Amino acid sequence: MALNKLLVLLSVALLAGCGTSKTEKRAQLLEQPVDCMTAQADIAALQAAMPKRGERAVSAVRLVTPVGLATGAIKGENRDKTDIVSGRTAEELEAYIALIEATCAQPVS
C-alpha cells in the first residue's frame, strides 16, 4: 500500500515538472511581431501550440493535487495551469491568429 502511494506521488511529481517549455514557447509566439512574410508558418506554429485535451487534463490534476499545487507554487506555474484549464491560453492564441489574418489578409488553410 505504501509503495502504491509512493508511485502515485512520484508520478504526480514527474508530471508537475513537465510543461514549462510549452508555456515558454507560447509566450515567445505571442510576443513576436506580425510578419506577413512568415504569416502562414506563424499561424501553423500558433495552432500547434494550442493546449490539447491531455494537457488541459494534466493541468487540472496539477491544480487539485497537493503535490501539483506545491510544485506549481514553487515554480510559479499555477497561473499558467489555470489559464490552460480555463481556456484563456487557447483564446489568446486564437486572438493572435486572428490578428495575423486581419493584418496580412491571409486565410487559414
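Conventions we followed
- Residues numbered from 1 in each chain as written.
- Predicted model: local features only at pLDDT ≥ 70, side-chain atom pairs only at ≥ 80, totals over all residues.
- Heavy atoms only, no water.
- Helix = DSSP H or I, 4+ residues; strand = E, 2+ residues; numbered from the N terminus.
- Areas by Shrake-Rupley, 256 points an atom, 1.4 Å probe, with all protein chains shown as cover.
- Axes fitted to C-alpha atoms, helices over the stretch in contact; angles between N-to-C directions.
- Parallel < 35°, antiparallel > 145°, perpendicular 65-115°, else oblique.
- Left-handed = near helix turned anticlockwise from the far one by under 90°.
- Contact = heavy atoms within 4.5 Å.
- Buried < 20%, exposed > 50% of the residue type's maximum accessible area, 1.4 Å probe, protein only.
- Disulfide = S-S within 2.5 Å.

A word on the overall build of the protein chain
The helix and strand inventory of the protein chain stands at seven helices and zero strands. For the protein chain, the accessible surface area stands at approximately 6900 Å², while carbon and sulfur atoms represent 65% of it.

Observations concerning the packing of helix α4 (residues 53–64) against helix α6 (residues 78–86)
The axes of two packed helices give the description: the angle between them and the distance between them. The interhelical angle for the contact between α4 and α6, taken along N-to-C directions, is 130°, at an axis separation of 9 Å. Here α6 runs oblique to α4, going by the angle between their axes. The two elements α4 and α6 meet at a crossing, and its hand is left-handed. The residues of α6 that touch α4, namely those facing Glu55, Arg56, Ser59, Ala60, Arg62 and Leu63, are Asn78, Lys81, Thr82, Ile84 and Val85.

Details of the side chain of Thr89
Along the chain, the position of Thr89 falls in helix α7 (residues 88–104). With relative accessibility at 10%, the residue Thr89 sits in the buried group. If sequence neighbours within four positions are ignored, Thr89 has contacts with Arg26, Pro51, Asp80, Asp83 and Ile84.

So, the state of the cysteines
Evaluation of the coordinates by the stated rule reveals one disulfide. Across the disulfide from Cys36 sits Cys104; the S-S distance is 2.1 Å. A torsion of -90° about the S-S bond marks the disulfide between Cys36 and Cys104 as left-handed. Of this pair, Cys36 sits in the loop between α2 (20–31) and α3 (39–48) while Cys104 sits in helix α7, and the two are 68 residues apart along the sequence. Here Cys36 falls in the partly exposed class, since its relative accessible area comes to 35%.

Here's the deal with the side chain of Lys81
The residue Lys81 is located in helix α6 in this model. Non-local contacts of Lys81, meaning those with residues more than four positions away in its chain, are made with Ser59, Arg62, Leu63, Gly68 and Gly72.

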